[in-house]
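Given next are the chains, with one letter for each unit.
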Amino acid sequence: MTVGLAGFVLLPWYMLDDGLFSFSWLSEGYPFDSDVAPALFLVLQGQKMWLAPLGFLLVLPLALWGKPKNDPVFGNVLIAVGLAGLAWFFAQGYGISLRGWNAAFLNDMFGKLPDRQFGMGWGAALVGGAFLFLLTLGIAARGAIGGDVFVVSSIGLIVGLVALFILLPILKLLGSALVTEDGGYSLYSFAGKFLSLRIWGLGCITGGSRCGVAWNSLFLAVIVGVVTTLLGLVFALIATRTDARFQKILRILTVLPVITPPFVIGLAIILLFGLSGVFTQGWAWLFDIQPTRWVYGLPGLLIAQTLAFTPIAFLVLIGVVEGVSPSMEEAAQTLRANRWQTFWTVSLPLMRPGLANAFLLGFIESMADFGNPLVLGGNFDVLSTEIFFAIVGAQYDQAQAAVLAIVLLVFTLTAFYAQRFWLGKKSYTTVAGKGDAGVHPPLPSAFTLSIGSIAAFWLSLTILVYVTILYASFVKLWGVDYSLTFDHYIQAFSVGWNEFGLHWNGSAWDSFFTTLWIALVSALPTALIGLLTAYLLVRQRFSGKAAFEFGTMLSFAIPGTVIGVSYVIAFNVPPIEITGTAIILILSFIFRNMPVGVRAGVASMSQLDKSLDESSLTLGANSFQTFIRIILPLLRPAILAALVYSFVRAMTAISAVIFLVSARYDLSTSYIIGRVENNEYGIAIAYATALIFVMLAVIGFMQMIVGRRNIGRRGQAGSARQIQVAGGG
C-alpha cells in the first residue's frame, strides 16, 4: 500500500516524452504541471477525475489497522480492494485514450469527455503493482498455499507480467488472423489461409518441387533439436567427466556461436562453402567438377543452426551432468555393472530432465530462427521467414502472419507436451542435503574416444568459421581485394579529440553503447524472473500450474518477428505507450529470453531434494529466505546460463528488435544489417568481431561473480566438503 500511495502522490502518472529513465520532470513544473504531475495533484486541480477512485481504494485498507490477518474480514477486504482497484485501473486506462473515449458506445453513454489521457508512467505502474500485491496478500490471508505470502505474491507477479507482456501482445496479433481484407472478421477467411498448400503442401513427397513451409520447419527443427542435444551432452561430458586438455578451449568455443551477431555465421559459411567459397572452389578444382550451391537450403541451415544452438544445450546440460550423484554410479559398479552399463542405466536416465529441456530449447530455437534462414534458406522456406515477409513485404498481410504464427505455436506446444510425457512423474533427485563424497567413475574408453573425436571435429569446424570471420574483418574487399587493412575498424570505432575533449566519432559507437547498457539492464531481471518461475513450477503445487508453465514458455515459442510486431501493435497507443523508448526493448528482451532461465532452472532444480526446503522451513525460515539462502546458491549453473544467455541474446537479437528500434535507440544488430544492405560487409564483420570480444569479457566477469556450485564431492579443492546452504555457512 505504501508503494501504491507513493506512485499516486509522488511520481508522474503519465509517460514522459523522454521515457521512463529520465528525471527531467523534476525541473519541469513538478508537481503542478499536468504533463508531469502525480495523480493526486491532477485530481486536486480538477483534471483526470477518473483517477480519484484509485486513491480512495488505496487508503481503504487502512481500515484494517490492528485486525489480525487470520480474520476472514482481513483477507476478504484486501481481495475486494485488489480486484476493484485492478478493474478500475485497466478500465480507465483502456477506456480513455488520446481522443477521449476509446469506444463510441462509451461516448453515447457518458457524453464527450472534457479531457484526454496519455500512456501510463511510473506512478501508474506502482499503483497497478500495489493493487496486485493487495489482491495476492488477501488470497494468502484466506489460506491459499498454506498462507505463504511470498509464494502467492510470486505467482501473482509472474501471472500479471506474463498476461501483460506476453499474452496481451500475442492475442492482439493473433486476433488479426480473423481479419479480412475489408477489415471485418471471418472464420472462413482464416480457414482458407490456415489450410493453404503454401503451408501444408506435400509436393516434395508427391513429386512436386517443394513441401509446405510447415513441414520444412518441423523437419529442420526435429533434426536440429536432436543433433544439438547430443552435441551438448557430448561437450558436457567432456567438460565434467574427462581430463581432456582442450576443456577450457571447448568451453570458450561452445559459447562463441551463441554470442555471434546474426548473419555472421551464415556469411562465414557462404564464404567457405558457397558457390565461390574457398572449399567449394578447392573441391571443384581438385576433382574437376562443377561447383554447386549445395549450401543453400537444408544443408546450410542445419550447419548454421547446429553451430548456433549447440551452446544452449551445453549450458543447460553441464549443470545437470555435474549434478548426477557419483554415489549412485559407484553403487551400480559395486553390483558388478561395467562402465557402459553404469552410464546407460544409471547416469543417462538421471540426465533426462536436462536432455528433454535441451531438446525443447533446440527445437523452439530452430522454429523461431530468422537470421540463418534469411541468409542460407534458398528455396527451403520456413515459417519464420514467411512471417517476416508477410509483415514487411509488399503484401503486408498481418492476417497471414498471424495464421503462420498459429501453425508454429501448434508445433511448439506439441513438443512441449511430448517433453512432459517423456519425463513423466519419475524422480530425478540427485543432490540432497548431505555431502556426497563419491567420485564419478570413468566413462567407457571407446565412448570417451568417440565423443572426443566428435568434439574435435566440431571444434575444428568452429575454429575454421571464426578464423574466417576474423580474417574477413581485415580484408579490404572479400573476393576482389584480399589485402589486409584496419579501415573497417577505424570507420566503425575511431576515437578523436575536439575542443570538448574525447570524441567517439566512429559510426558504430552510438549503437554499441546503447546495446551494451540495454543488454546489461535486461539480463538480471530476465534471470531472476526465470528462476523464480522455475522455483514455483518445481517446488510448489497450485491449481492452473500447467497453464502457468505454458504462459511462461509462450513468448519463446513465437518467432521474434511476431513478438516485435505484436509489441508495436499492443504498446503503440495508450494506456501503455512505450514504442520508440528503451523500455520496450528491455521488456522484449526480458520476456523473450525468460524461458531459458525457466528451463535451466527447472532442469537443475529437479535434482535438488525437497528435504532441503523442508529442513529450512522447520528451522524457522520462511519461503523467501529459503529461496534466497538455500535454493539460489545451489543453482549457480542455471543462474550463469540465464545471465549469459539473456545478455548475449540482447546483444545479438534481430528478429524482434528490428521493429522496435528507433533513431534514438539503435542497436548493434540493426546497424550490422544496415551495413550488409549497403554491401559494406567488412564493416559489418568488423563490428561483429568487436562485439564477440566484448561479450566474452562480460561473460567471464559474470562467471567470476556467480562462481561455482559446491556440492561437497571429492576432487573439489582436494577434499570432501558439505553443501554451502546458508549464505556460505
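To start, this report covers the structure provided alongside it. (Residues numbered from 1 in each chain as written. Predicted model: local features only at pLDDT ≥ 70, side-chain atom pairs only at ≥ 80, totals over all residues. Heavy atoms only, no water.)

## Observations concerning the packing of aromatic side chains
Consideration 1: A complete count under the given rule lists 33 aromatic pairs for this structure.
Consideration 2: Centroid distance Phe-493 to Tyr-687: 5.3 Å. Interplanar angle 70°. Geometry classified as edge-to-face. Placement of the pair is Phe-493 in helix α23 (residues 487–493) and Tyr-687 in helix α32 (residues 681–706), with a sequence separation of 194 residues. For the pair Phe-493 and Tyr-687, one class covers both residues: buried.
Consideration 3: Among the aromatic residues, those joined into a cluster by ring pairs are Phe-493, Trp-504, Trp-509, Phe-512, Phe-513, Tyr-671 and Tyr-687. (Phe/Tyr/Trp six-rings, centres within 6.5 Å; stacked < 30°, edge-to-face > 60°. Helix = DSSP H or I, 4+ residues; strand = E, 2+ residues; numbered from the N terminus. Buried < 20%, exposed > 50% of the residue type's maximum accessible area, 1.4 Å probe, protein only.)

## Concerning the pattern of salt bridges
Consideration 1: With the rule as written, the count across this model stands at 6 salt bridges.
Consideration 2: One salt bridge in this structure joins Arg-675 and Glu-680, with 2.7 Å as the shortest N-O distance.
Consideration 3: Three or more residues are tied together by salt bridges with common partners; here these are Arg-198, Asp-381 and Glu-386. (Salt bridge = Lys/Arg side-chain N within 4 Å of Asp/Glu carboxyl O.)

## Thoughts on the environment of Leu-315
Consideration 1: Relative to the helices and strands, Leu-315 is located in helix α15 (residues 298–323).
Consideration 2: Along the sequence, Leu-315 and Ala-600 sit 285 residues apart, while their C-alpha atoms lie 8.1 Å from each other.
Consideration 3: Residues within four places of Leu-315 in sequence aside, it is in contact with Ala-641 and Val-644. (Contact = heavy atoms within 4.5 Å.)

## With respect to the packing of helix α24 (residues 509–539) against helix α29 (residues 623–631)
Consideration 1: In the contact formed by α24 and α29, the axes pass within 12 Å of each other and the chain directions differ by 110°. Classified by the interaxial angle, the pair formed by α24 and α29 is roughly perpendicular. Between α24, through Leu-531, Leu-532, Tyr-535 and Arg-539, and α29, the contact on the second element is made entirely by Ser-623, Phe-627 and Ile-631.
Consideration 2: A breakdown of the residues in the contact of α24 with α29 according to their chemical character gives 5 nonpolar, 1 polar and 1 charged. (Axes fitted to C-alpha atoms, helices over the stretch in contact; angles between N-to-C directions. Parallel < 35°, antiparallel > 145°, perpendicular 65-115°, else oblique. Nonpolar A, V, L, I, M, F, W, Y, C, P; charged D, E, K, R; others polar.)

## Digging into the side chain of Gln-92
Consideration 1: Relative to the helices and strands, Gln-92 is located in helix α4 (residues 72–95).
Consideration 2: Since its relative accessible area comes to 4%, Gln-92 is described here as buried.
Consideration 3: At a separation of 2.9 Å, a polar atom in the side chain of Gln-92 contacts the main-chain carbonyl oxygen of Phe-89.
Consideration 4: When near neighbours in sequence (up to four residues on either side) are disregarded, Gln-92 contacts Trp-13, Trp-50, Leu-51, Leu-54, Gln-117 and Met-120. (Polar contact = N/O pair within 3.5 Å; in protein donor to acceptor, adjacent residues only side chain to side chain.)

## As for the packing of α24 against helix α27 (residues 582–605)
Consideration 1: Two elements in contact, α24 and α27, have axes separated by 6 Å at closest approach and are oriented at 40°. Comparing the axis directions of α24 and α27 gives the class oblique. Our pair here, α24 against α27, has a crossing hand that is right-handed.
Consideration 2: Taken together, the residues of the contact of α24 with α27 sort by class into 19 nonpolar, 7 polar and 1 charged. (Left-handed = near helix turned anticlockwise from the far one by under 90°.)

## Quick notes on the side chain of Glu-549
Consideration 1: Structurally, Glu-549 is set in helix α25 (residues 545–557).
Consideration 2: Filtering out sequence-adjacent residues up to four positions away, Glu-549 remains in contact with Phe-416, Arg-420, Leu-537 and Arg-599.

## Some remarks on the nonpolar core
Consideration 1: Counting 190 residues, the largest nonpolar core has Leu-237, Ile-259, Met-351, Tyr-567, Leu-585 and Phe-647 as its most contacted members.
Consideration 2: If you tally residues by element for this core, the top one is α27, at 16 residues.
Consideration 3: With sequence-adjacent residues up to four places away left out, Met-351 is seen in contact with Leu-233, Leu-237, Arg-241, Val-320, Val-321, Val-324 and Phe-343.
Consideration 4: Core analysis: the second largest hydrophobic core is formed by 28 residues, Tyr-14, Ala-37, Leu-58 and Leu-113 among them. (Core = buried A, V, L, I, M, F, W, Y, C linked by side-chain atoms within 4.5 Å.)

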